[in-house]
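# Examining the three-dimensional arrangement
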Protein chains: 2
Amino acid sequence: MKNEINHEVSADLLKHLGLEFYSEPEQGKDCSTLNERLLKNGKFLTSLEEAIKKSGLQDGMTISFHHHFRNGDYILNMVLDTLAKMGLKHLTVASSSLSTAHAPLIEHIKSGVVSKIESSGMRGDLADAISHGLMKEPVIFRSHGGRAAAIANGSLHIDVAFLGAPSADVVGNSSGVYTNEEGKSICGSLGYAKVDARYADKTIILTDNVVPFPNSPASIPATDVDYVVKVDALGDSSKISSGATRFTKNPRDLLIAENAAKVIQESGYFKDGFSIQTGSGGAALAVTRFITDEMIKRNIKARFALGGITGQIVKLYEEGLIGKILDVQGFDTIAAESLRDNKDHIEIDGNQYANPFNEGSAIHQLDIVILSALEVDVNFNVNVLTGSDGVIRGAIGGHPDTASKAALTVLVSPVIRGRIPCILDKVNTLVTPGSVCDVLVTDQGVAVNPSRPEIKARLIKAGLKITTIEELKESAEKVVGKPDALQFKDKVVGVVTHPDGRVLDVIHEVK
Amino acid sequence: MKNEINHEVSADLLKHLGLEFYSEPEQGKDCSTLNERLLKNGKFLTSLEEAIKKSGLQDGMTISFHHHFRNGDYILNMVLDTLAKMGLKHLTVASSSLSTAHAPLIEHIKSGVVSKIESSGMRGDLADAISHGLMKEPVIFRSHGGRAAAIANGSLHIDVAFLGAPSADVVGNSSGVYTNEEGKSICGSLGYAKVDARYADKTIILTDNVVPFPNSPASIPATDVDYVVKVDALGDSSKISSGATRFTKNPRDLLIAENAAKVIQESGYFKDGFSIQTGSGGAALAVTRFITDEMIKRNIKARFALGGITGQIVKLYEEGLIGKILDVQGFDTIAAESLRDNKDHIEIDGNQYANPFNEGSAIHQLDIVILSALEVDVNFNVNVLTGSDGVIRGAIGGHPDTASKAALTVLVSPVIRGRIPCILDKVNTLVTPGSVCDVLVTDQGVAVNPSRPEIKARLIKAGLKITTIEELKESAEKVVGKPDALQFKDKVVGVVTHPDGRVLDVIHEVK
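- Labelled according to an unreviewed UniProt entry, chain A appears under the name Citrate lyase alpha chain, originating from Propionispira arboris.

Written out as structure tokens, the structure reads:
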């Protein structure tokens, strides 16, 4: 074969190298200006429907979503409504989590648009319906780190990711914040979405704020994006901090938080350069408030704070008490704005946060985590997924991810919640194995896992009154009695996976 | 099977879901503090040899390198010497480029340690030896965008990447700059290395500056890194700006640059919000100096500058004449420091820079590129790889990537270089097809590709004297005569690929 300048390129050589011969395309190049190109580029589409068609999405495929808009999310319902109209069926919805906002999924399940779900958790009507046997296939519940790892290692393959970006340019450079005046929604870190964009076969960005190219800094690079669609609104940012991430004023939560702060301060891990994560839930998030004074008094600074980030954490950073913030998810708009404005407030993706297989993920560098629980049993096993009635009403989140790696895992829970005992002989659903949970702080006292006698000794030495988990359980039973065993049907409606992807437990249909 | 809380998990269900059952590991978790963990973590190894052993590197595999230290690079030689000592054979070296610093590769090729090479280019003794038939297998030359795309689509599979980072923490969060006082080397953007880290099976970071966890902002996240090794020095930063990226004082180069600036100003693409890249080579880089005054006079600002970045570009950014800098590679230490210090100086990876298949890559948004050439022929085809003697002495770099996408591709070259004509009937090696090259600016005049009559008309209207490329060729021949055709042997020592991965041309062994 002869090339453009009459050089012979041998077929044998090409075959040997496994390369093809270049035959120059006939058409000339695009000579329009940047401004013209941006107006006509092939990624920016006029409708979600067009993007879905171009993505090649077909019946039976897996679509993914991220939950950074939490209860304020409009994206998932908008996409599912469109898919339903387009007649797609038997889809797997793999969302980083699901909230009360997603009740419309019920109809899409009934009509056969959605036949499988993977999620960190669910709440509200959807969770209720699924607990009562709505779906043929069990929901696969994954922790945040478990999901990221499953996507990275291919065990959760995403065909098309639908990701919402509070700002994006027309080729897809996307951010969870915006620097312009026109921004409508803000969610902060796109930590979970970043993983989907990187590994999905096709990525569609939905945005309500198209900004000039190049949008920067971009959480998701345009090279990980296939199509961009402008929509009216992605979500209601004010609802990001509702529910599990709201700033608590509950006196019992504050008491627990204050006690947890004491435990942390005397645990042996409260040293200059320590690292900390406060999980969602009022008491857990409130711990930050109670350790601040002692940090100042002892001249202790945290090296980094990790996880879902609140305005409280931002305040400590701005006061110089926390060196860096590693943010996989904003828990309020203050956190979102800080991500944009503060140099050492760093966005990390789900793998950087909590991949269990990679020692480079931040959970491996975690000293202290404070985690809420719906139920704790006498072996320190934790349930954060199902209520006392067996109905799903929570999310795994980063619970087992962080608990299994943090040097000190502190559980916070009241002993009784609304006449329901929270400390039991056995949790109803196993989410986090007790072997990695070190201390339980309640409104009735503190118990230390027998596997951590050195912690117990330190707390006692510091004058804290330590009880046993059995005593806490009994104190609950004294007030509200021993709960009857829940009655379930045979059908499995959910499986709970460990961060490593294996099955820890099953959730049965409630009677 | 019964789980920890005595729930039955059926084998049939697990089989149906394709999931395994979790049997809790017996060992407890690691309860050491962050500071203790960082000292003993499993990624930070004491020697390069240990990292290589742990990586599983075997005979016949592909190893990769990046060329951000350019002529000052120590990494490749250090690694190859170690591999040779360890007895490894038949390796493919896939480096983003090779320079005069890499002459020691000759011995490793002779001894069978290295049997294949992929690179953007090569210079010096190594290039000379290969041009004279040193290797059995031809070198595969790829453009920067072509390489990134080949890595992303799997046609270039990297088994182990060896990447140098001017700062890294012990788990691998790596940066091309450093914020501490102890830094020794600085290279700026790790644009090419980022792609290798993302796609390689194993990534080993070499650093001469271990910084506290978490190193931020990190160009390469720890989750893309397997091992970190501390070495004495990565390279000589002062040599980054040597050779092809040096600030020229050559009067002929400056004349060409001044003429190229006039062409740009009258081309129709010099408008507010334009985008520009200046390729390596004295004349190309110097164009920036000559368009500045006119930008100020006409109140024109560039939306972004792209590519290999110089202190000149940084100066324009700091003066407010360039909105953003998209930096895949620093051409001097000023650029490297600016990347660290300037908010809108953005690091992009090789795919974001120049992936030909992704409309989100920056080359797709490029108005103007100025590119050097070793040879241009009367069809505007360009050679930047082999000299007039047929010996390899250059690099494809981003030449065909940017030329093929920029709205205006301006070639700069003298008509004669050291008594050798640069404008020929046919280039000796085809690197960039003439169909995408629009204007040739020389010291003897300006020629416009007949495919762009509108550009020619604009330049004439603005009073520029336009000649034909044939006349430029003849003016060279008048002085130095028509060159004799080069004599080659049958053996193919290199193949030149188009950014799309297909073979454009072959390079034969010189006689």
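## Quick look at the domain arrangement of chain A
Residues and elements named next belong to chain A.
- Examined at the domain level, chain A breaks down into domain 1 (39–239) and domain 2 (243–485).
- Put simply, the middle of domain 1 and the middle of domain 2, counted by C-alpha atoms, are 29 Å apart.
- On the domain 2 side, the residues contacting the 38 residues of domain 1 number 33 residues.
- Remark: the boundary between domain 1 and domain 2 carries zero salt bridges.
- Applying the counting criterion to the domain 1 and domain 2 interface returns 17 residue pairs in polar contact (both at pLDDT 80 or more).
- Secondary-structure elements contributing two or more residues to the side of domain 1 that touches domain 2 are strand E5 (121–122), helix H6 (124–131), helix H7 (144–152) and helix H8 (191–199).

## Some details on the packing of H7(A) against H8(A)
Residue and element names in this part refer to chain A.
- The N-to-C vectors of H7 and H8 enclose an angle of 10°; their axes lie 10 Å apart at closest approach. Our classification of the angle between H7 and H8 gives roughly parallel. Residues His 144, Arg 147, Ala 148, Ile 151 and Ala 152 of H7 form the contact with H8, whose own contacting residues are Tyr 192, Val 195, Asp 196 and Tyr 199.
- When grouped by side-chain class, the residues that make up the contact of H7 with H8 number six nonpolar, one polar and two charged.

## Overview of the sheet that holds strand E26 (residues 466–467) of chain A
Residues and elements named next belong to chain A.
- The sheet built from nine strands is open, its strands ordered E15-E14-E13-E12-E16-E20-E24-E25-E26 with mixed pairing. Among the strands making up the open sheet, the edge pair consists of strand E15 (345–347) and E26.
- Relative to E26, strand E25 (residues 445–448) runs parallel, the two sharing two bridges. The residue of E26 that forms the bridge with Val 446 is Ile 466.

## Remarks on the side chain of Asn351(A)
- Within the secondary structure, Asn351(A) is located in helix H13 (residues 350–354).
- Judged by its relative accessible area of 6%, Asn351(A) falls in the buried class.
- Discounting residues that sit within four places of it in the chain, Asn351(A) has contacts with Ala148(A), Ala149(A), Ala152(A), Val195(A), Tyr199(A), Ser361(A) and Thr223(B).

## A word on the interface of chain A and chain B
- Of the residues lining the interface, 94 residues belong to chain A; the matching set on chain B comes to 95 residues.
- For the pair chain A and chain B, the summed buried surface comes to about 7300 Å²; carbon and sulfur atoms form 56% of the total.
- Ranking the residues of chain A by area buried against chain B places Tyr22(A), Lys29(A) and Arg502(A) at the top, with a combined share of 10%.
- At the junction of chain A with chain B, the criterion picks out four salt bridges.
- For Asp224(B), the salt bridge is made with Arg198(A), and the minimal N-O distance between the two is 3.0 Å.
- Counting every contact that joins chain A to chain B gives 49 residue pairs in polar contact (both at pLDDT 80 or more).
- At the level of secondary structure, the elements contributing two or more residues to the side of chain A that touches chain B comprise helix H1 (11–17), helix H2 (34–40), strand E13 (302–309), strand E14 (322–330), H13, helix H14 (399–405), strand E27 (488–497) and strand E28 (503–510) of chain A.
- Split by residue class, the side of chain A that touches chain B holds 38 nonpolar, 31 polar and 25 charged.

## Points about the environment of Lys194(A)
Residues and elements named next belong to chain A.
- Locating Lys 194 in the fold gives a position in helix H8.
- When near neighbours in sequence (up to four residues on either side) are disregarded, Lys 194 contacts Ser 219, Ile 220, Glu 347 and Asp 349.
- Among the polar contacts made by the side chain of Lys 194, one reaches the main-chain carbonyl oxygen of Ser 219 at a distance of 2.9 Å.

## As for the environment of Gly418(B)
- Here Gly418(B) shows up in the loop between strand E21 (416–417) and strand E22 (420–421).
- The exposure class of Gly418(B) is exposed, given its relative accessible area of 65%.

## Some remarks on unusual backbone geometry
- A cis amide bond links Phe213(B) with the next residue in sequence, Pro214(B), at an omega value of -5°.
- Mapping Pro214(B) onto the fold places it in the loop between strand E10 (202–207) and strand E11 (227–230).
- In the Ramachandran plot, Asn299(A) falls in the positive-phi region, its phi being about 55° despite a non-glycine side chain.
- Following the sequence through the fold, Asn299(A) ends up in the loop between helix H10 (282–298) and E13.
- With a relative accessible area of 56%, Asn299(A) lands in the exposed category.
- For Phe380(B), which is not a glycine, the phi torsion comes out positive at approximately 70°.
- With respect to the helices and strands, the residue Phe380(B) is situated in the loop between strand E17 (375–377) and strand E18 (382–383).

## Examining the sheet that holds strand E23 (residues 423–424) of chain B
- Here we have three strands laid out as an open sheet, ordered E18-E17-E23 (chain B), and mixed in their pairing. Here the strands that pair on one side only, and so sit at the sheet edges, are E18 and E23 of chain B.

## Observations regarding the relation of the copies chain A and chain B
- Rotating chain A by 180° about the axis while translating it 0.0 Å along that axis superimposes it on chain B, leaving an RMSD of 0.1 Å. What the superposition gives is, in effect, a two-fold axis relating one chain to the other.
- Same-surface contact between copies: 100% of interface residues of chain A are shared with the interface of chain B.

## So, the pattern of salt bridges
- Under the criterion given, the structure shown has 46 salt bridges over all chains.
- Residue Asp196(A) pairs with Arg147(A) through a salt bridge whose shortest N-O separation is 2.9 Å. Pair noted here: Asp196(A) is in helix H8 and Arg147(A) is in helix H7, with a separation of 49 residues, a long-range link.
- By relative accessible area, which is 0% here, Asp196(A) ends up buried.
- According to the relative accessible area criterion, Arg147(A) is buried, its value standing at 7%.
- Glu477(B) is the salt-bridge partner of Lys473(B), the closest N and O atoms lying 3.7 Å from each other. With Lys473(B) and Glu477(B) both in helix H16 (residues 469–480) and four residues apart, this pair spans about one turn of that helix. Of the two residues examined, Lys473(B) and Glu477(B), each falls in the buried class.
- Look at the salt bridges and you will find they share partners, linking Lys29(A), Asp438(B), Arg452(B) and Glu454(B) into a network.

## Examining the packing of aromatic side chains
Residues and elements named next belong to chain A.
- Using the criterion set out here, one finds six aromatic pairs over all chains in the structure.
- Relative to Phe 162, the ring of Phe 65 has its centre 5.7 Å away and its plane inclined at 15°; by these criteria the two rings are stacked. Separated by 97 residues along the polypeptide, Phe 65 in strand E2 (residues 62–65) and Phe 162 in strand E7 (residues 160–165) bring together distant segments of the chain.

## Let's talk about the side chain of Ser175(A)
Residue and element names in this part refer to chain A.
- Its location among the elements puts Ser 175 in strand E9 (residues 174–175).
- Among the polar contacts made by the side chain of Ser 175, one reaches the main-chain amide nitrogen of Val 177 at a distance of 3.0 Å.
- The residues contacting Ser 175, other than those within four sequence positions of it, are Ala 165, Pro 166, Ser 167, Leu 190, Asn 215, Pro 217 and Ser 219.

## Remarks on the pairing of E11(B)
All names here are of chain B.
- Here two bridges tie strand E1 (residues 44–45) to E11, and the two strands are oriented parallel to one another. Bridge assignment links Leu 45 to a residue of E11, and that residue is Val 229.
- Across four bridges, E10 lies against E11 in parallel orientation. Each residue of the ladder has a partner; that of Ile 204, found in E11, is Tyr 227.

Cut-off values and rules
- Think of each chain on its own: its residues are numbered from 1, step by step along the sequence as written.
- Here the convention is simple: chains get letters from A, ligands get numbers from 1, in the order in which they are written.
- It should be noted that, the model being predicted, local features are given only for residues of pLDDT at least 70 and side-chain atom pairs only at 80 or more, the latter also being counted only at that level, while totals for whole chains, interfaces and linings use all residues.
- The side-chain quantities take in all heavy atoms of the structure and omit both hydrogens and water.
- Domain delimitation follows an automatic or database domain assignment.
- In this analysis, two residues are considered to be in contact whenever any of their non-hydrogen atoms come within 4.5 Å of each other.
- The rule for a salt bridge is simple: a side-chain nitrogen of Lys or Arg has to be within 4 Å of a carboxyl oxygen of Asp or Glu.
- Pairs of N or O atoms within 3.5 Å make up the polar contacts considered here, provided that, within protein, one atom can donate a hydrogen while the other can accept it, and that residues adjacent in sequence are counted only when both atoms are side-chain atoms.
- Here a helix means four or more residues in a row that DSSP labels H or I, a strand means two or more in a row labelled E, and each is numbered from the N terminus.
- Axis lines are fitted to C-alpha atoms, over the contacting stretch for helices. Their N-to-C directions set the angle, which ranges from 0 to 180 degrees.
- We call two directions roughly parallel when the angle between them is under 35 degrees, roughly antiparallel when it is over 145, roughly perpendicular when it lies between 65 and 115, and oblique otherwise.
- Asp, Glu, Lys and Arg are counted as charged, while Ala, Val, Leu, Ile, Met, Phe, Trp, Tyr, Cys and Pro are counted as nonpolar; the rest, among them Gly, fall into the polar class.
- Paired strands, in this sense, are two strands between which DSSP finds at least two bridges.
- Residue burial is assigned from relative accessible area. The probe radius is 1.4 Å, only protein chains are included, and a residue is buried under 20% of its type maximum, exposed over 50%, and partly exposed in between.
- By definition, the buried area sums, over both parts, the 1.4 Å-probe accessible area that each loses when the two are put together.
- We place the copies in one frame by least squares, fitting the C-alpha atoms of every residue whose pLDDT is at least 70 in both.
- For Phe, Tyr and Trp, rings pair up if their centres lie within 6.5 Å, where Trp contributes its six-membered ring, and each pair is then called stacked (planes under 30 degrees apart), edge-to-face (over 60) or tilted (otherwise).

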